[in-house]
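Inside the fold
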Amino acid sequence: MSESNMISLWTGDGREMKFEQVAGIRLGSRRFAVLAPVEKLPGMQDNQALVFEITKGEGEDARLNIVTDPALVEAVFQEYQAVMAQKMEDQARAKPEFF
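Everything numeric in this text was worked out from a predicted model, so none of it was measured.

Let's shift gears to the overall build of the protein chain. Scanning the protein chain from N- to C-terminus turns up one helix and five strands. Start at the N end of the protein chain and walk to the C end: the helices and strands fall as β-β-β-β-β-α. The C-alpha atoms of the protein chain give 16 Å as radius of gyration, which overshoots the globular expectation for 99 residues (13 Å, by more than 25%). For the protein chain, the C-alpha atoms occupy an extent of roughly 60 × 30 × 30 Å along the three principal directions. Relative to its 99 residues, the protein chain shows a buried fraction of 19%. At a minimum sequence separation of 6, the contacts of the protein chain that also span at least 24 residues come to 24%. Surface exposure of the protein chain reaches about 7,700 Å², of which carbon and sulfur atoms provide 50%. If the 11 positive side-chain charges of the protein chain are averaged to one point and the 16 negative ones to another, these points end up 2 Å apart.

Following this line, the structure appears as structure tokens:
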């Protein structure tokens, strides 16, 4: 896990929670961050992540708001899978063939 992929978020009661950034996803004009908790959260599997929408008002810092709508989480996950499939395809094409 790279320190450059680490993000700290604070809960409403001031507790720091650390996450690893898995991906940044765009759906239309909306932006999302897929984050995996460094320490397993209750009810989550080791390979699960959370989806946060990135919002920023004029003159404001960016905010991460957890997405609770299952349909939107699924749409972000589907886009993530498509992006990863394209990335793997691009990498496979870039590898030289040896005879």
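What follows is about the packing of aromatic side chains. Across all of its chains, the model carries one aromatic pair by this definition. Summarising the aromatic geometry, the rings of Phe-19 and Phe-52 are spaced 5.9 Å apart at their centres and angled 75° between planes, so their arrangement reads as edge-to-face. Remark: Phe-52 occurs in strand 4 (residues 50-55) and Phe-19 occurs in strand 2 (residues 16-27); sequence separation between them is 33 residues. The pair formed by Phe-19 and Phe-52 is uniform in burial state, with each residue classed as buried.

Before going further, it helps to spend a moment on the sheet that holds strand 2. On the basis of which strands lie adjacent, the open sheet formed by five strands has the order 1-2-3-4-5 and antiparallel pairing. Two strands close off the open sheet at either side, each with one partner strand: strand 1 (6-10) and strand 5 (63-66). If you compare each strand with its neighbour and ignore which way they point, the axes differ by 45° on average. Relative to strand 5, strand 4 is paired through four bridges, and the arrangement is antiparallel.

Rules and cut-offs
- Residues numbered from 1 in each chain as written.
- Predicted model: local features only at pLDDT ≥ 70, side-chain atom pairs only at ≥ 80, totals over all residues.
- Heavy atoms only, no water.
- Helix = DSSP H or I, 4+ residues; strand = E, 2+ residues; numbered from the N terminus.
- Rg over C-alpha atoms; globule rule 2.2 N^0.38 Å.
- Buried < 20%, exposed > 50% of the residue type's maximum accessible area, 1.4 Å probe, protein only.
- Contact = heavy atoms within 4.5 Å.
- Areas by Shrake-Rupley, 256 points an atom, 1.4 Å probe, with all protein chains shown as cover.
- Lys, Arg positive; Asp, Glu negative; His and termini not counted.
- Charge placed at Lys NZ, Arg CZ, Asp CG, Glu CD.
- Phe/Tyr/Trp six-rings, centres within 6.5 Å; stacked < 30°, edge-to-face > 60°.
- Pairing = 2+ DSSP bridges.
- Axes fitted to C-alpha atoms, helices over the stretch in contact; angles between N-to-C directions.

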